[in-house]
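Coordinates in review
Residue-level listing of the chains:
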Amino acid sequence: METYSYGFITALMVVVAIIWHLTKSRKNKGDPVNWPVVGMVPSLLWNLSNAYEWAAGIVIRNGGTFAFKGPLGSNHFFEIVTSSPRNLEYILKDDFVNFPRGSSFKSVFFDIFGDGLFVADDEPWKKQRKAVAIAMSSTSFRDQSINQIQGLVLERLIPVLEESCKMNSSLDIQDILLRLNFDDICLAISGKDAGFLLPDLPEVPFASAFDEAIESCTYRLIIPPFVWKLMKFLNVSFERKHRRAMGIILEYASELVRFKMAELKKMSNEKRAQCGDILSTFIHLETQEGRSPSLKSVRDLCLSIILAARDTSSLALSWFFWLLNQHPDVETKIMSELYEILKAKFSNNPYDINTLRFSHDDLKDMQYLHAALSEAMRLYPPVPVSYRQAVRDVFLPDGTHVNKGSKLLYFIYATNRMESVWGKDCREFKPERWMNRDGICRKESDFKYPVFNAGPRLCLGRDLAYVNMKSVAAHILLRYRVRVDPDHPVKPNFGPTLFMEHGLKVTLQPRRDLSP
């Protein structure tokens, strides 16, 4: 009887605790419940399929900063989540040295990127960034990039799209754009043709393995380190897939780097110094400073560049075409702008669309298209979150205390959807918000619009990304109306980059009005 009473009392206490926490949750207006022992993890896991929208609502309701409570004794979760532009400016610029990527973030992604630009801090980061900055600052690099992407569009992308159009069949345009950008970046960094975007759309093990490895690292971010490290040691679950994927990734990336290093070895010192691509510049700078660049160091940089260049433009364009499908008025305005540019370019004379190439000035004149792309990335930033770790105790501008060693997540997705930052229409797709009275697309503060990062880590490839995206979008839109399949589900996938979970199935309708 006594045992029964103790059992009843224990059960009653559990029920009361549950009711108390559920009541607290309602009072918190939907904020996650901080459960005993497990913290807020159950709420995160429950909402994982809609994580960005769910988390953005919480952060915005709490004024732009929220303290996330992990499990008891956990030191791996992000204690602070912020979307406040004032906080972002402080973290990313004013007190930059106090907020590096940090050892925790690096340990999660080290298998893939090693000491590469994506995870590096301090001197390794500075060396690699210097090489990228030197390469990208040259006019010849810019012009070569424009010619290369348009060559790939005409010779590879358009034939694949044209075949789909003739067959009146749907295709996954997210997959097609990822293939295009992968070929582009492999040519740019090594001169080696990956052959990913071909008519038969071949399987490229590296690309699949790369996506698998990034997905595994996403799981590592949300479970305690001792758990995934044990899984890695035992070679079980997603860590088993990760190990297999890493073998493919390292082999392929090493092949790219060996190809580039062998090519450079055949050249004279003078000719080597004239090579303007990123890897050649990095190898040249390392040699100049008396260091012999290792295969690993060049490969680490190579993989960081692939992540940045492949995903950003491809995903931004995918979301752009999805939004355009819902806003035909925006598509009409883009087409009017393109036709005006073509009129000026050819003085109203006929032109052959199959050989059409845009100059840098043509692309610069695509101001409304630039605004539409910016607006698409505002609503669906290719990189929705980023991470930092505090070196010392500090107070953020909004008064939030950050302990030494605390991990911060700055929430780009939420910043771009804050009414206090973007106005009451912040959730609407309105390219006009970017246009000034002279019809020029204006630039916003990097801390209000942190899509390309901000401060010393501002993305060096931002201008080139816009050039490439405008090139691809203009060539596609001049030929086709891109229509999303009516029953196709569209939602963001949970991960460090904002993939569409199910891709983007579209059909292409030939545009008859090819002449301006």
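Residues numbered from 1 in each chain as written. Predicted model: local features only at pLDDT ≥ 70, side-chain atom pairs only at ≥ 80, totals over all residues. Heavy atoms only, no water.

- The name an unreviewed UniProt entry assigns to the protein chain is Cytochrome P450 CYP86K4, from the organism Picea glauca.
- Under the heading Cofactor (unreviewed entry), UniProt records this for the protein chain: "heme". (UniProt positions renumbered as here; feature names shortened; annotations may be inferred.)

So, the overall build of the protein chain
- Helix and strand counts for the protein chain stand at 20 helices and 9 strands.
- Here the C-alpha radius of gyration of the protein chain, 25 Å, is about what a compact globule of 516 residues would show, namely 24 Å.
- Taken over the C-alpha atoms alone, the protein chain extends approximately 95 × 55 × 45 Å along its principal axes.
- Every one of the 516 residues in the protein chain was classed for burial, and the buried ones make up 53%.
- Nonlocal contacts in the protein chain, meaning residues at least 24 apart in sequence, comprise 71% of its contacts between residues at least 6 apart.
- Accessible surface for the protein chain amounts to roughly 23,700 Å². Of this, 56% is attributable to carbon and sulfur atoms.
- A gap of 4 Å separates the mean positions of the 65 positive and 59 negative side-chain charges of the protein chain. (Helix = DSSP H or I, 4+ residues; strand = E, 2+ residues; numbered from the N terminus. Rg over C-alpha atoms; globule rule 2.2 N^0.38 Å. Buried < 20%, exposed > 50% of the residue type's maximum accessible area, 1.4 Å probe, protein only. Contact = heavy atoms within 4.5 Å. Areas by Shrake-Rupley, 256 points an atom, 1.4 Å probe, with all protein chains shown as cover. Lys, Arg positive; Asp, Glu negative; His and termini not counted. Charge placed at Lys NZ, Arg CZ, Asp CG, Glu CD.)

Some points on the nonpolar core
- Membership of the largest hydrophobic core comes to 163 residues, with the highest contact counts inside it found for Phe210, Ile306, Phe320, Ile334 and Phe411.
- Among the elements that make up this core, the one with the highest residue count is helix H14 (residues 295-326) (15 residues).
- Residues from two domains meet in this core; each of domain 1 (30-94 + 384-416) and domain 2 (105-380 + 437-510) gives at least three.
- Residues within four places of Ile306 in sequence aside, it is in contact with Phe182, Ile185, Ile189, Phe206, Phe210, Leu256 and Asp311. (Core = buried A, V, L, I, M, F, W, Y, C linked by side-chain atoms within 4.5 Å. Domains from an automatic or database assignment.)

Re the pattern of salt bridges
- Within this structure, the stated rule accounts for 41 salt bridges.
- Ionic pairing is found between Lys127 and Glu286, a salt bridge with its closest N-O pair at 3.8 Å. Taken as a pair, Lys127 in helix H6 (residues 122-136) and Glu286 in helix H13 (residues 278-288) lie far apart in primary sequence, 159 residues in all. (Salt bridge = Lys/Arg side-chain N within 4 Å of Asp/Glu carboxyl O.)

Regarding the packing of helix H11 (residues 237-265) against H14
- Axis separation between H11 and H14 bottoms out at 9 Å; the angle between their running directions is 105 degrees. On the basis of the axis angle, H11 is roughly perpendicular to H14. Two secondary-structure elements touch here, H11 through Ile249, Leu250, Ala253, Ser254, Leu256, Val257 and Arg258 and H14 through Leu295, Val298, Arg299, Cys302, Leu303 and Ile306.
- In the contact of H11 with H14, the residues fall into 10 nonpolar, 1 polar and 2 charged. (Axes fitted to C-alpha atoms, helices over the stretch in contact; angles between N-to-C directions. Parallel < 35°, antiparallel > 145°, perpendicular 65-115°, else oblique. Nonpolar A, V, L, I, M, F, W, Y, C, P; charged D, E, K, R; others polar.)

Describing helix H15 (residues 328-346)
- Helix length check: H15 (19 residues) gives 27 Å between terminal C-alpha atoms against 27 Å at 1.5 Å per residue, within 8%.
- Within H15, the full set of buried residues consists of Val330, Glu331, Ile334, Met335, Glu337, Leu338, Tyr339, Ile341 and Leu342.
- Buried residues in H15 make contact with H14, helix H16 (360-364), helix H17 (367-379), helix H20 (462-479) and strand E8 (480-484). (Expected span 1.5 Å × (residues − 1).)

Looking at the sheet that holds E8
- The sheet built from 3 strands is open, its strands ordered E3-E9-E8 with antiparallel pairing. In this open sheet, the two edge strands, each paired with only one partner strand, are strand E3 (171-172) and E8.
- Where H20 meets the sheet, it contacts E8 and strand E9 (505-510), and its direction lies at approximately 95 degrees from that of E8. (Pairing = 2+ DSSP bridges.)

Notes on the layout of surface pockets
- If you add up the space inside the second largest pocket, you get close to 730 Å³.
- Contributing to the lining of the second largest pocket are 30 residues, with His370, Arg462, Asp463, Leu464 and Tyr466 lying nearest its centre.
- Those elements that place two or more of their residues in the lining of the second largest pocket are helix H7 (139-167), H16, H17 and H20.
- Of all the elements, H20 adds the most residues to the lining of the second largest pocket, at 6 residues.
- Grouping the amino acids of the lining of the second largest pocket by side-chain chemistry returns 13 nonpolar, 8 polar and 9 charged. (1 Å grid on protein atoms, 1.4 Å probe; cavity = no way out; pocket = protein on both sides within 12 Å on 5 of 7 lines; lining within 4 Å. Points joined across faces, edges and corners; volume = space filled by probe spheres on them.)

Describing the side chain of Ser190
- Looking at where Ser190 falls in the secondary structure, it is placed in helix H8 (residues 173-190).
- A distance of 2.8 Å separates a polar atom in the side chain of Ser190 from the backbone oxygen of Cys186.
- Apart from the residues lying within four places of it in its own chain, the contact partners of Ser190 are Leu256, Phe259, Lys260 and Glu263. (Polar contact = N/O pair within 3.5 Å; in protein donor to acceptor, adjacent residues only side chain to side chain.)

Comments concerning the domain arrangement of the protein chain
- According to the domain assignment, the protein chain consists of domain 1 (30-94 + 384-416) and domain 2 (105-380 + 437-510).
- For domain 1 versus domain 2, the separation of C-alpha centres amounts to 28 Å.
- Contact residues are listed per partner, giving 21 residues for domain 1 and 27 residues for domain 2.
- Regarding the contact of domain 1 and domain 2, the summed buried area is about 2,100 Å², with carbon and sulfur atoms giving 66% of it.
- Taken together, the connections running from domain 1 to domain 2 amount to 0 salt bridges.
- For the pair domain 1 and domain 2, the number of links is 4 residue pairs in polar contact (both at pLDDT 80 or more).
- Elements represented by at least two residues in the side of domain 1 that touches domain 2 include exactly helix H3 (51-61), helix H4 (85-94), strand E4 (385-389) and helix H18 (412-415).
- Sort the elements by how many residues they give to the side of domain 1 that touches domain 2 and H4 lands first, with 5 residues. (Buried area = accessible area lost by both parts, 1.4 Å probe.)

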